[in-house]
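Architecture at a glance
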Amino acid sequence: MVGVGTAPLRGDDLLIRVENMVVEFNTSGGTVQAVSDVSFDVAEGETLGIVGESGCGKSTTAKAMIQLPPPKSGSVMYADRDLTEISKEELRRSRADLQMIFQDPISSLNPRRTVWDIIREGVDIWGTAGVWSDARLVELMEQVGIDPQYRDRKAYQFSGGQCQRISIARALALDPKVLISDEPVSALDVSVQAQILNLLDDLKTQHALTMLFISHDLAVVRNVSDRVMVMYLGRVAEVGDADALFANPAHPYTQALLAAVPGSGVNASARLEGELPSPLDPPEGCRFHTRCPHVTEVCKTTVPEFTQHGPDHWVACHHPQSTPVEIR
Amino acid sequence: MAPLLELDDVSVTFNTPKGPVYAVNNVNLSVERGQALGIVGESGSGKSVTMKTVMGLLPRTATIGGSVTYDGLDVFDLPSDRRKHFYGVDVAMIFQNPMTSLNPVKRISAQLTEGMKYHDGLSSSAADDKALELLELVRIPDPKKRMKQYPHELSGGMRQRVVIAMALANDPSLLIADEPTTALDVTVQRDILDLLDQLKAERDMAMILITHDLGVVKDRTDEIAVMYGGRLMEAATTGEVFADTAHPYTEALQRSIPDMTMERGTRLTPIEGSPPDLSIKPTGCPFAPRCGYATPECSTAIPDRMPVPGSTTHVFACHHPRGSAGAVQEVNA
Amino acid sequence: MAEQMQAGANIGAVTTDLGSNALSPPDESPIPEAKSVARRLGLGFWLSVGWLALVVLLALLAPLFTLERGEARANPDRSVFTLAHPEDTAVAGRLDSPEPGLWFGSDNTGRDVLSLTIWGSRISLLVGFVAIVIGFVVGGTLGIIAGYFRGWFDTVVSFLFTILLSFPALILAILITTLLGRTFLWISVSLGILAIAPVGRLARAQTLVFAERDFVMAARILGAKDSRIVLRELLPNVVIPMSALALLGMGIAIVAEGTLAFLGISTADGLSWGKQIFESGSRREHLEAGPHAALFPIGVTFLTVLALNFAGDRLREVFDAKELAF
């Protein structure tokens, strides 16, 4: 990954359009560029899956999109407004549209508040003037599968899966347009994951949601996403239509990720050498070059631009691979 | 030949202030020398507790029933000198979080050599040589440099390799790995699992791999045991488990997880309901409340463990089995 | 240790997930939360609270059963349920042993030790209470704001706490009381200032922990303002460990007041436990002739501080454990 450039963007009439976003953090070891020049767009009603391993910047990218924290540079167009330009109060007023659920269902819920208070929080902030009466919140609780008779309980009285349902209800109570799901099933029991994935699928239709779905689990991302963006060390490696990208991964990193899916039957020889470089001191050129089986001199010096690999399939690699990965 | 490790009718009950918790109930398992057994289950299935029973790692509040034999010896009744040898020399265990096994303020070399100097009376330089050898064995990059580093300077994958090296120091005959890759990234996970595979083959070591992920054990173990609610649901060779699934829980588990061969947007078949409350003494199959094939019998009678007809290795505990066991049952009825 | 906890998490997983359509109740029988918490706090906690309630009640109601000055001497046959005025000397002999009506005996000036102890508790408890309220309000506010907003304010506040902690406590108390007067108010204030840094540091640390939690992020994403996040999300979480510390701190303040009194710099006006212990326990011949005059206030102080410590500890343990009990 490596890649920079805005070539994969599909026009300027989409719901979300992020251009050249850079996110930096100050750490005791120096400044870390967690997201380097990332551009992507999401059409209304679409689900964009963001995959990558820890430290690739996938969560940071999504959070920076909603300005938590704001990116250092770049623009985030949402519904014809640049979220990085508008005032703090204007941004706060836009928040209802852009909601998020988190990986850790326990950390997501305030242990001292009741389920009802948690779900009602958004309405409490903005008032019931709009569509959200308490009766509709009760309906929403039923929709996510939490019996409203338990509204006065606190989070620790529920299981992880139920806490995730409560989080989802809280996020939907403001009738958002966009839902960011950050590893929403990674912390759940295997037998419960499908319940939550199916619930998200139902709610996406019922509430006409546009989704960003962040996960390290390729099989899950493949199942839910229309488009997929693969990230490595703060940059985008490959982005495109989910079917095209998984059937014909062009970036050596995507290939390695696919090959590593346990028991999936994906048969590829791609194997990563060495360790993930420190984000404090990312490699020059293509950031993946230190571990790439196809590395050449140009990779070490020049950051690859995106090239088109299919109708909606872009790869940022000097040596894109065309051997399809065999999925047994 | 007798199996290397054999668990016979093992039960574990934790006595908590809130009452007993029936964590493991009547579990039978065995591992042959040089073989790999995968124990698959979600949290609360009893998979980790079962192996901690073997390792003597349970708190005093636990009541243990049944027997565990290792190489013909009763593990619960080892003479004290043999006992020392059993834990750490015969059998070693690694955990999900490598930091639980590493001392954060000691260099890697010190962690590796401490036991050798103490137990085997090796000199410092001999111990260092052996430590370096172990690090090479686990294919850690730049092993000489790692010797001088502290755990926090290593990546998660490298830490797990160090822990594996420590576990191998005494050349165990059995390695128990409890979710060894759950905290790691997928590409690192594959490397560690590959490493364990290779080490097992090179050293003719038996291995028990505990995991929540059926995919992890699919291509890597000789046999699989599926646990749920503290009970053994199904045990068989890995091929049999996937080709001729007998237990509805195993079947449901496979269906509920998306895999790479599924079409995008394929509707998953979730397992409705929630894992059982282990503080209630089971009167039937623990999976019955969530099972699509359950009948009233399933909640009142605990199913016996029985073999799949025609197989010597495949057992299950279900009143309404799937696959060939189910077909045979239907014919008989 | 971590492994044990992991094992505990596995076996203790009384998980209760619902199907997407099934609205079945959680498996755990619905125990009203207050009841279970009350039970989990344990007998020791409630004994402590009972003792504290008794001490506070007697302190509050003391005027109701205390006789006027001089009245006790005038009525030798008064009811055993009345108290002599604490400043009445020679209501009994010098260092008389305890007996009915003179439950704690008398001190070397013939004063009623029980009366002294009950009246002394009024100042001692109030000093402890006011001191800790000052620490709680000032330290808590500073700590939470510093922990939430970070930045330069955090740097300044943290530095302030460090200075306060480094300043010799006794010298600060002596300075303030010497300069501003040895009154109940200034003693409370000086002890309160000493409480600011410990309470503030705890509040800051807890705020830092909870501010990292996803529910704070979720509130911000819902559009909550900072004030709402601090008051609704953080405060309820931070206030529990702070309360536990406040109970411990109140015990420390009571002892500190006693120490000041023992050094002879307690309230010039009125009584306190410390002053009483000082008057009865600082002379060897008094201690030898009638140790009860010092031992009773010492015992009461001890039990009160113990009860405060124990209650605070239990409170913290139970509420900490409840977070982990998932």
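The structure we're discussing is the one just above.
Reference entry: report on the structure contained in this document. Model, not experiment: these values are computed from the prediction. (Residues numbered from 1 in each chain as written. Chains lettered and ligands numbered in written order. Predicted model: local features only at pLDDT ≥ 70, side-chain atom pairs only at ≥ 80, totals over all residues. Heavy atoms only, no water.)

Attention shifts here to the overall build of chain A. In terms of helices and strands, chain A carries 10 helices and 14 strands. For chain A, whose C-alpha radius of gyration is 20 Å, the value lies close to the compact-globule estimate of 20 Å for 328 residues. Taking all 328 residues of chain A together, 62% fall into the buried category. Long-range contacts, defined as pairs at least 24 residues apart, comprise 67% of the intrachain contacts of chain A with a sequence gap of at least 6. When the accessible area of chain A is evaluated, it comes to approximately 11,300 Å², of which 47% is carbon and sulfur surface. Averaging the locations of the 29 positively and 43 negatively charged side chains of chain A gives two centres separated by 5 Å. (Helix = DSSP H or I, 4+ residues; strand = E, 2+ residues; numbered from the N terminus. Rg over C-alpha atoms; globule rule 2.2 N^0.38 Å. Buried < 20%, exposed > 50% of the residue type's maximum accessible area, 1.4 Å probe, protein only. Contact = heavy atoms within 4.5 Å. Areas by Shrake-Rupley, 256 points an atom, 1.4 Å probe, with all protein chains shown as cover. Lys, Arg positive; Asp, Glu negative; His and termini not counted. Charge placed at Lys NZ, Arg CZ, Asp CG, Glu CD.)

This paragraph deals with the pattern of salt bridges. Residue and element names in this part refer to chain A. Across all of its chains, the model carries 39 salt bridges over all chains by this definition. Among the salt bridges present, the one from Lys58 reaches Glu183, with a minimum N-O distance of 3.9 Å. Placement of the pair is Lys58 in helix α1 (residues 58-65) and Glu183 in the loop between β7 (178-182) and α6 (190-206), with a sequence separation of 125 residues. Across the pair Glu297 and Lys300 runs a salt bridge whose closest N-O atoms are separated by 3.5 Å. Remark: Lys300 and Glu297 occur in helix α10 (residues 297-301); sequence separation between them is 3 residues, near one turn of the helix. Since its relative accessible area comes to 37%, Lys300 is described here as partly exposed. (Salt bridge = Lys/Arg side-chain N within 4 Å of Asp/Glu carboxyl O.)

Time to look at the interface of chain A and chain C. Each partner contributes residues to the interface: chain A has 46 residues there, and chain C has 36 residues. Both faces considered, chain A and chain C share a buried interface measuring about 3,800 Å² in area, 54% of it formed by carbon and sulfur atoms. The interface formed by chain A and chain C contains 4 salt bridges. For C:Arg228, the salt bridge identified is with A:Asp124, shortest N-O distance 2.8 Å. (Buried area = accessible area lost by both parts, 1.4 Å probe.)

This paragraph deals with unusual backbone geometry. Residues and elements named next belong to chain A. Following Leu68, the chain continues to Pro69 via a peptide bond in cis, the omega torsion being -5 degrees. Within the element layout of this structure, Pro69 appears in the loop between α1 and β4 (73-78). The backbone of Asp80 shows a phi angle near 70 degrees, a positive value even though the residue is not glycine. Positionally, Asp80 belongs in the loop between β4 and β5 (81-82).

Time to look at the pairing of strand β6 (residues 98-101) of chain A. Residues and elements named next belong to chain A. Every second residue of β6 is oriented toward a common face, with Leu98 and Met100 on one face and Gln99 and Ile101 on the other, all of them buried. Bridge count for β6 against β7 is 4 bridges, and the pairing is parallel. Counterpart to Gln99 in the pairing with β7 is Leu179. (Pairing = 2+ DSSP bridges.)

Right, let's talk about the environment of A:Ser133 for a bit. Residues and elements named next belong to chain A. Of note, Ser133 is situated in the loop between α3 (115-126) and α4 (134-144). Assessed through its relative accessible area of 31%, Ser133 is described here as partly exposed. For Ser133 and Ser59, which are 74 residues apart along the polypeptide, the C-alpha to C-alpha distance reads 32 Å.

Further remarks concern a negative patch on the surface. All names here are of chain B. A cluster of like negative charges, contributed by Glu6, Asp8, Asp9 and Glu32, occupies part of the molecular surface. In this structure, Glu6 sits in strand β1 (residues 5-16). On the basis of relative accessible area, Glu6 is assigned to the partly exposed category, the value being 34%. (Patch = residues over 30% accessible without salt bridge, like charges linked within 9 Å, V, L, I, M, F, W, Y side chains within 5 Å.)

Turning next to the sheet that holds strand β3 (residues 36-40) of chain B. Residues and elements named next belong to chain B. A sheet is described by the order of its strands in space; here 8 strands give the open sequence β6-β7-β8-β3-β9-β10-β12-β11, paired in mixed fashion. Each of the sheet's edge strands pairs with one partner strand only, and the pair in question is β6 (91-94) and β11 (306-307). Bridge count for strand β9 (residues 223-228) against strand β10 (residues 231-237) is 6 bridges, and the pairing is antiparallel. The residue bridging Met227 from the neighbouring strand is Leu232, located in β10.

Right, let's get into the sheet that holds β5(A). Residues and elements named next belong to chain A. Judged by pairing direction, the sheet is antiparallel, and its 4 strands sit side by side in the order β2-β1-β4-β5 without closing on themselves. Strand pairing shows two members of the sheet lacking a second neighbour, β2 (30-42) and β5, which therefore form its edges. Here strand β1 (residues 16-27) pairs with β2 via 9 bridges, running antiparallel. Bridge pairing in β2 links Val23 to Val35. Sitting on the sheet, α1 touches β1, β2 and β4, and the angle it makes with β1 is about 115 degrees. (Axes fitted to C-alpha atoms, helices over the stretch in contact; angles between N-to-C directions.)

What describes a pair of aromatic rings is the distance from one ring centre to the other and the angle between the planes of the rings. Residue and element names in this part refer to chain A. Tallying each qualifying case throughout the model produces 13 aromatic pairs over all chains. With a centroid separation of 5.3 Å and 65 degrees between ring planes, the pair formed by Tyr253 and Phe288 is classed as edge-to-face. You can see Tyr253 sitting in helix α9 (residues 252-260) and its partner Phe288 sitting in the loop between β11 (266-267) and α10, a full 35 residues away along the chain. The burial state of Tyr253 is the same as that of Phe288; both residues are buried. Site record: aromatic cluster; members linked through ring pairs are Tyr232, Tyr253 and Phe288. (Phe/Tyr/Trp six-rings, centres within 6.5 Å; stacked < 30°, edge-to-face > 60°.)

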